[in-house]
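Fold and contact review
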Amino acid sequence: IAHDFNNTLAGIIGGAELLRDSDPTDQQYKHYVDLILTSAEKASVLTRKLLAFSRKGTTVVKPIDLIPILSDTVSILRHTIDKKVSISEDFQINSAWIEGDGSLLQNAFINLGINAGHAMPQGGNLIFSVREVELDSKYCELSTFDISEGTFIEISVSDTGYGMPPEVMSRIFEPFFTTKEHNMGTGLGLSAVYGTAAEHHGAITVYSEVSKGTVFHVYLPMADLQVKQSISEPIAPQGSGTILLIDDEELVQATASTILSKLGYRVITAENGKRGIELYKDHREEINLVILDMIMPVMGGKETFMNIHSFDPSLPVIISSGFSREEDQEALSRLGVSGYLRKPFHRVELAEMISKLLS
């Protein structure tokens with residue numbers, strides 16, 4: 001599932017990036033393209049979570065602005081929960097920079113929003129609020145979380161639902177604790193939110209009154225000014241030369257070929273390893289680099305690599321795959337693979353790796 005899904009995502013992301021580069025005059029058009037990219041990246045995270053069951057995963061920590069993430073969360077929830085629930089934003093700051101994993105945090109915010117929706121079966125108001133707060137040493141000492149005094153971003157998710165009695169509220173973050181009917185919930189949602197807050201050196205609190213509603217407060221430490229100033233849009237380096245692209249997915253072939261052509265490269269494509277080796281033999285003197293999928297019909301990536309490598313051990317070969325274990329990558333590296341690019345990849349990642357290998 002993850003392999004096939006990643007191939008589809010590679011096409012979505014590649015095509016959307018090309019559309020964004022076409023410089024349309026309609027600003028709303030660019031907004032739609034950005035939404036495609038954001039959605040595809042989040043779907044990519046789902047496949048990484050699937051793969052994490054078979055190998056160790058890592059949290060991707062980087063500087064992120066929570067405002068676009070929360071706006072996107074509100075947009076997703078408007079298409080997810082009951083239309084009788086009115087969702088609004090109350091953002092008191094224009095940007096909210098922290099260091100963390102945007103996908104994990106968005107999952108947490110969506111979880112809070114969906115729970116709030118379930119608490120309002122007859123309809124009501126769901127409000128996402130953001131502000132900047134100072135947490136002093138006394139507050140941090142009393143907190144059950146390992147937090148230090150300083151400036152925090154406070155994200156509040158409040159609803160006008162049926163609320164919780166004290167005995168339920170005291171257990172709300174326990175794993176497997178749920179008030180939902182059998183087969184309607186695992187009881188893992190809020191414990192995962194709790195874990196995400198703790199993993200980001202933050203905290204989460206809850207206040208609720210029966211028949212009045214509930215509010216969750218998530219506190220995340222604000223990134224310092226130096227971190228925010230270091231963020232810039234990466235530029236894809238241009239190049240020249242001939243690249244042999246071997247991939248059985250038409251979407252990947254089409255988008256990757258166009259991206260590579262726009263970067264200045266000539267591209268030869270093959271739909272499987274056997275055809276790739278034939279084309280390599282026909283154009284051996286021209287080909288400067290090979291990009292090779294790992295899982296293909298007729299002949300797989302490893303066998304194809306070994307064949308090409310036997311002709312020219314110095315030829316740079318990049319393995320591109322949506323599913324490959326770390327030990328497989330290490331084994332291929334020992335055999336002479338030059339680089340590994342996980343699908344779905346971005347144009348800048350691809351351009352930088354090729355530029356580095358060809359230089």
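To start, this report covers the structure provided alongside it. (Residues numbered from 1 in each chain as written. Predicted model: local features only at pLDDT ≥ 70, side-chain atom pairs only at ≥ 80, totals over all residues. Heavy atoms only, no water.)

1. Notes on the pattern of salt bridges
By the definition in use, this model includes six salt bridges. Between Lys-84 and Asp-82 there is a salt bridge, with the nearest N and O atoms lying 3.0 Å from each other. A salt bridge links Arg-266 to Glu-286; the shortest N-O distance between them is 2.6 Å. Of this pair, Arg-266 sits in strand S9 (residues 266–270) while Glu-286 sits in the loop between helix H10 (273–282) and strand S10 (287–293); the two residues are 20 residues apart in sequence, bridging distant segments of the chain. (Salt bridge = Lys/Arg side-chain N within 4 Å of Asp/Glu carboxyl O. Helix = DSSP H or I, 4+ residues; strand = E, 2+ residues; numbered from the N terminus.)

2. Quick look at the environment of Glu-285
When you line up the elements, Glu-285 lands in the loop between H10 and S10. The exposed category is assigned to Glu-285, whose relative accessible area is 77%. Separated by 43 residues in the primary sequence, Glu-285 and Thr-242 place their C-alpha atoms 9.8 Å from one another. (Buried < 20%, exposed > 50% of the residue type's maximum accessible area, 1.4 Å probe, protein only.)

3. What about the packing of H10 against helix H11 (residues 301–311)?
Where H10 meets H11, the closest approach of the two axes is 9 Å, and the angle between their N-to-C directions is 15 degrees. The angle between H10 and H11 falls in the class roughly parallel. Between H10 and H11 the crossing geometry is right-handed. On H11, the residues that touch Gly-273, Ile-277, Tyr-280 and Lys-281 of H10 are Thr-304, Asn-307, Ile-308 and Phe-311. Looking at the contact of H10 with H11 residue by residue, the class counts come to four nonpolar, three polar and one charged. (Axes fitted to C-alpha atoms, helices over the stretch in contact; angles between N-to-C directions. Parallel < 35°, antiparallel > 145°, perpendicular 65-115°, else oblique. Left-handed = near helix turned anticlockwise from the far one by under 90°. Contact = heavy atoms within 4.5 Å. Nonpolar A, V, L, I, M, F, W, Y, C, P; charged D, E, K, R; others polar.)

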